Amino acid sequence: MEKAILKIENIQRYYGNKGVVTKAIDDISFEVKVGEFVGIMGASGSGKTTLLNCISTIDTVTAGHIIIDGDDITTLRGSKLSDFRREKLGFIFQQFNLLDTLTAYENIALALSILKVPVRKIETKIAKTAKLLNIEDVLHKYPYEMSGGQQQRVAAARAIITKPALILADEPTGALDSKSACMLLTQLSQLNEIEQATILMVTHDPVSASYCKRILFIKDGRIFQEMLRENETRKAFY
Ligand code: ADP
Ligand code: MG
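Please read these numbers as outputs of a predicted model, since none were measured by experiment.

Undergrad: In this structure, what is going on with the packing of helix H3 (residues 104-113) against helix H5 (residues 148-160)? I would like to understand it.
TA: When two helices pack together, their arrangement is given by the angle between their axes and by how far apart the axes lie. Taken N-terminus to C-terminus, the directions of H3 and H5 make an angle of 20 degrees; their axes are 8 Å apart at the nearest point. As far as their axial angle goes, H5 and H3 are roughly parallel. The handedness of the crossing between H3 and H5 comes out as right-handed. Counted together, Ala104, Asn107, Ile108 and Ala111 of H3 and Val154, Ala157 and Arg158 of H5 form the full contact between these two elements. Of the residues contributing to the contact of H3 with H5, the split by class is 5 nonpolar, 1 polar and 1 charged.

Here is the structure:
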């Protein structure tokens, strides 16, 4: 059996106090194994972003445990937490979050230089990843010179280039037209298949979700259903 890279154990996240309490996450447990591509689906307000923010250490749980690659992140604090985030996680957000004053190449390189990767290695890694994501032509452009789809693929390159244990994506196609969305999702699935990248992607879009191999459905902060793609084609699964 493959190793679980992510274990979510009975997590809860409540907002507010005394009078009005919102149970954004109400006792969720699940596991993601190495090399899986898992989707989290649910209507707006069902708790998807809260769940992803708790896993990505942006938010903290009210109760329960989140174990990533053997470390319980609910017990990490301060610099231990930021080191963990840098070394183990990759993020792709709905808004591309690239730095405007840096070129695509520099945006991607930054993720590596923070980890003190030598310049020579940075060059070869970026060349390889740019090819995989089909952004070789835009590497020396600034974000404002690129389309949304290109920016999001640059953001994806930045997220994966450090070979994180887990890639977290929150509605990564939310700001893209359907053609760019399809291209990004195809490249994410290739990344999952070729590089065995483990991806957890939140979406409310059935087309995006159909690229995943397993989908967890959440409603009112709880998982209420799970679907496996098995050997079905993406179209049939959709
Ligand atoms: P989704 O991403 O599925 O649309 P969210 O995780 O953003 O859902 O929100 C889940 C629930 O938690 C919603 O009812 C939302 O209003 C509430 N919520 C989210 N963030 C906060 C916050 N910072 N303070 C109070 N309530 C929040
Ligand atoms: Mg959301």
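Undergrad: In this structure, what is going on with the layout of surface pockets? I would like to understand it.
TA: Using a probe with the size of a water molecule, rolled over the atoms, empty space left in the structure can be pinpointed. Of the pockets and cavities examined, the largest pocket occupies roughly 430 Å³. Lining the largest pocket are 17 residues, with Arg86, Phe91, Ala111, Ile114 and Arg158 positioned closest to its centre. Secondary-structure elements contributing two or more residues to the lining of the largest pocket are helix H2 (78-88), strand E6 (89-92), H3 and H5. Among the residues making up the lining of the largest pocket, the classes are represented as 9 nonpolar, 5 polar and 3 charged. Here the second largest pocket defines a volume of roughly 280 Å³. Along the walls of the second largest pocket sit 15 residues, with Ile160, Ile161, Lys163, Pro164 and Glu195 positioned nearest its centre. The leading source of residues in the lining of the second largest pocket is helix H4 (residues 119-133), at 4 residues. In terms of residue class, the lining of the second largest pocket is built from 8 nonpolar, 3 polar and 4 charged.

Undergrad: What am I meant to see in the site of ligand 1 here?
TA: Tyr15, Thr22, Ala24, Ala43, Ser44, Gly45, Ser46, Gly47, Lys48, Thr49 and Thr50 make up every residue found near ligand 1. Ser46 is positioned with one of its backbone polar atoms (N or O) 3.2 Å from an oxygen atom of ligand 1. Coverage of ligand 1 by the protein amounts to 57% of the 560 Å² it exposes when considered alone. Within the residue set of the shell around ligand 1, elements represented by two or more residues are strand E2 (20-33) and helix H1 (48-55). Sorting elements by how many residues they give to the shell around ligand 1 places H1 first, with 3 residues.

Undergrad: Mind showing me how you'd approach a nonpolar patch on the surface here?
TA: The grouping of Leu99, Leu110 and Ile114 at the surface amounts to a nonpolar patch, some 230 Å² of accessible area in total. For Leu110, the position within the fold is in helix H3. Here Leu110 falls in the partly exposed class, since its relative accessible area comes to 34%.

Undergrad: Would you take a moment to explain the pattern of salt bridges for this structure?
TA: Side chains carrying opposite charge are able to pair once their charged atoms draw close together. Enumeration according to the criterion identifies 10 salt bridges in this entry. Between Glu195 and Lys163 there is a salt bridge whose closest N-O contact spans 2.8 Å. Separated by 32 residues along the polypeptide, Glu195 in the loop between helix H6 (178-194) and strand E8 (199-203) and Lys163 in the loop between H5 and strand E7 (166-170) bring together distant segments of the chain. What you see here is one network of salt bridges that share partners, running through Lys3, Asp69 and Lys88.

Cut-offs used in this document
- Residues numbered from 1 in each chain as written.
- Chains lettered and ligands numbered in written order.
- Predicted model: local features only at pLDDT ≥ 70, side-chain atom pairs only at ≥ 80, totals over all residues.
- Heavy atoms only, no water.
- Axes fitted to C-alpha atoms, helices over the stretch in contact; angles between N-to-C directions.
- Helix = DSSP H or I, 4+ residues; strand = E, 2+ residues; numbered from the N terminus.
- Parallel < 35°, antiparallel > 145°, perpendicular 65-115°, else oblique.
- Left-handed = near helix turned anticlockwise from the far one by under 90°.
- Contact = heavy atoms within 4.5 Å.
- Nonpolar A, V, L, I, M, F, W, Y, C, P; charged D, E, K, R; others polar.
- 1 Å grid on protein atoms, 1.4 Å probe; cavity = no way out; pocket = protein on both sides within 12 Å on 5 of 7 lines; lining within 4 Å.
- Points joined across faces, edges and corners; volume = space filled by probe spheres on them.
- Near = heavy atom within 4 Å.
- Polar contact = N/O pair within 3.5 Å; in protein donor to acceptor, adjacent residues only side chain to side chain.
- Areas by Shrake-Rupley, 256 points an atom, 1.4 Å probe, with all protein chains shown as cover.
- Patch = residues over 30% accessible without salt bridge, like charges linked within 9 Å, V, L, I, M, F, W, Y side chains within 5 Å.
- Salt bridge = Lys/Arg side-chain N within 4 Å of Asp/Glu carboxyl O.
- Buried < 20%, exposed > 50% of the residue type's maximum accessible area, 1.4 Å probe, protein only.

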